[in-house]
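An overview of the molecular structure
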Amino acid sequence: IEEVRNDKKANFYFINILTNRECSDKVLRNMNETGVLGRFIPDFQKVVARVQHDMYHTYTVDEHTINAIRVLRKIDNGEYENKFKLASKVIKNIVSKKVLYVALFLHDIAKGRGGDHSILGGEIAKTLCPRFGMSSDDVETVIWLVENHLLLSRVAFKRDLQDPNTIIDLKNKIQSAELLRLLYVLTVADITAVGPEIWNSWKDNLLQIVYDETLIEINGGGDQKS
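Below: a short report on this structure. Counting starts from 1 at the beginning of each chain's written sequence and moves along it residue by residue. Per-residue local features of the predicted model are confined to residues with pLDDT of at least 70, and side-chain atom pairs are confined, for both listing and counting, to 80 or more; whole-chain, interface and lining totals are unaffected and use all residues. Water and hydrogen atoms play no part in the side-chain values, which are based on all heavy atoms of the structure.

Helix numbers and strand numbers start at the N terminus; a helix is a DSSP run of H or I with at least 4 residues, a strand a run of E with at least 2. Scanning the chain from N- to C-terminus turns up 14 helices and zero strands. Counting from the amino terminus, the chain carries its helices and strands in the arrangement α-α-α-α-α-α-α-α-α-α-α-α-α-α. Throughout, radius of gyration means the C-alpha value; the globule benchmark is 2.2 Å times the number of residues raised to the power 0.38. Relative to the compact-globule value of 17 Å for 226 residues, the chain shows a C-alpha radius of gyration of 17 Å, a close match. Considered along the principal axes of its C-alpha atoms, the chain spans approximately 55 × 35 × 35 Å.

Every angle, taken between N-to-C directions, lies between 0 and 180 degrees, and every axis is a line fitted to C-alpha atoms, over only the stretch in contact when it is a helix. Close contact between helix α11 (residues 151–158) and helix α14 (residues 201–218) brings their axes to 9 Å; oriented N to C, the two are set at 105°. Taken together, α11 and α14 sit at an angle that is classed as roughly perpendicular. Across the interface between the two elements, Leu 152, Ser 153, Val 155, Ala 156 and Phe 157 of α11 pack against Trp 202, Lys 203, Leu 206, Leu 207 and Val 210 of α14. Gly is put with the polar residues, along with every residue not named as nonpolar or charged; the nonpolar set is Ala, Val, Leu, Ile, Met, Phe, Trp, Tyr, Cys and Pro, and the charged set is Asp, Glu, Lys and Arg. Partitioning the contact of α11 with α14 into residue classes produces eight nonpolar, one polar and one charged. Roughly parallel means an angle under 35 degrees; roughly antiparallel means over 145; roughly perpendicular covers 65 to 115; every other angle is labelled oblique. Here, two residues are considered to be in contact whenever any of their heavy atoms come within 4.5 Å of each other.

How two aromatic rings sit relative to each other is given by the distance of their centres and the angle of their planes. Two rings from Phe, Tyr or Trp (for Trp, the six-membered ring) form a pair when their centres are within 6.5 Å of each other. A pair whose planes differ by under 30 degrees is stacked, one over 60 is edge-to-face, and the rest are tilted. Within this structure, the stated rule accounts for nine aromatic pairs. Residues Phe 14 and Phe 40 carry aromatic rings whose centres are separated by 5.6 Å and whose planes lie at 55° to one another, so their mutual orientation is tilted. With a gap of 26 residues between them, Phe 14 in helix α2 (residues 8–18) and Phe 40 in helix α4 (residues 36–40) connect regions that are remote in the sequence. Just as Phe 14 is buried, Phe 40 falls in that class too. Relative to Trp 199, the ring of Phe 84 lies with its centre 5.3 Å away and its plane at 75°, an arrangement referred to as edge-to-face. Here Phe 84 is found in the loop between α6 (61–76) and α7 (85–90), whereas its partner Trp 199 is found in the loop between α13 (177–192) and α14, with 115 residues between them in sequence. Here the aromatic residues Phe 14, Phe 40, Phe 44, Phe 105 and Phe 132 are joined through ring pairs into a cluster of three or more. Note that Lys 83 overlies the ring of Tyr 80, its terminal NZ or CZ placed 5.5 Å from the centroid. The positively charged end of Arg 131 is found above the aromatic ring belonging to Phe 40, 4.6 Å away from the centroid. Only protein chains enter the accessibility calculation, which uses a 1.4 Å probe; a residue whose area is less than 20% of its type maximum is buried, one above 50% is exposed, and one in between is partly exposed. Should the NZ of a Lys or the CZ of an Arg lie within 6 Å of a ring centre and within 35 degrees of the ring normal, that charge is described as sitting over the ring.

Here we take up the pattern of salt bridges. One speaks of a salt bridge when a side-chain nitrogen belonging to Lys or Arg is within 4 Å of a carboxyl oxygen belonging to Asp or Glu. As enumerated under the stated definition, the model contains 12 salt bridges in all. Here Glu 81 and Lys 92 are joined by a salt bridge, their closest N and O atoms 3.4 Å apart. Pair noted here: Glu 81 is in the loop between α6 and α7 and Lys 92 is in the loop between α7 and α8 (97–106), with a separation of 11 residues, a long-range link. A relative accessible area of 39% means that Glu 81 is categorised as partly exposed. For Lys 92, a relative accessible area of 60% gives the class exposed. Notably, a salt bridge pairs Glu 178 with Arg 181, separated by 3.2 Å at the nearest N-O pair. Highlighted residues: Glu 178 and Arg 181, both in helix α13, separated by three residues, approximately one helical turn. When salt bridges with common partners are traced through the structure, they connect Asp 25, Arg 73, Lys 74 and Glu 79 into a single cluster.

Regarding helix α12 (residues 164–174), the residues found buried are Thr 166, Ile 167, Leu 170 and Ile 174. For α12, the angular spread of buried residues about the axis comes to 90°, placing them on one side. Where α12 is buried, its residues touch α10 (136–147), α11, α13 and α14. N or O atoms within 3.5 Å of each other form a polar contact, as long as, within protein, one can give a hydrogen and the other can take it, and as long as residues adjacent in sequence are counted only when both atoms are side-chain atoms. Of the residues that open α12, the one with a side-chain oxygen 2.9 Å from the backbone nitrogen of Asn 165 is Asp 163. Positive backbone phi, at 70°, marks Gln 175, one or two positions downstream of α12. For this quantity, the arc is that covered by the directions from the helix axis to the C-beta atoms.

For an α-helix, 3.6 residues make a turn, and residues three or four places apart therefore share a direction. Helix length check: α6, at 16 residues, gives a terminal C-alpha distance of 22 Å against a target of 22 Å (1.5 Å per residue), a fit within 8%. Burial of α6 is extensive: 14 of the 16 residues sit out of reach of the surface. Gly 78 sits one or two residues past α6 and shows a positive phi near 90°. A helix is expected to span 1.5 Å multiplied by its residue count minus one.

Here is the structure:
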């Protein structure tokens, strides 16, 4: 199995499955149920059937992750244009969809290990992404996204959006329109996949405000381009 894990072709096929806009989640679910996914990516095996002990998560970590990929796939192929208007627009301007899918797949991979799962997940990404055949720049981006995957929601739902420093701090942390686009779409997919009734107009509205205002700051206070 070690040979297969390190086989370039096998990793290429896996990325093709992960980024497939028609059936990624169905194939991943089959791979998970048969144990193939956990053997191919041992770090993923550690979150299979792992219960999340909070009042929000309906699913185990592996199910949540595969659900998040399903949401992303549907945003990507235009199925959710009415439900997620901004995300459906933003995803069209993302330079590397592969980065987005890989980061979402890895965002919770270190849950349950003790310590900050975002930081620990970044460490796992550092090892796995080169195996997936990703460039060093793409690897860095995936690591950043995994480490910061809760950033937008924390700012949108817990910080004072009337305070100008809130958006300035966020802009200083994100720094590029591409990272903002990636993080926004990842956040939408992540939140929606937590449970059936989790996404609502309140969250939608706050995240949109944070996205729009941060983009204006990143663009130097000029015109807004999604």
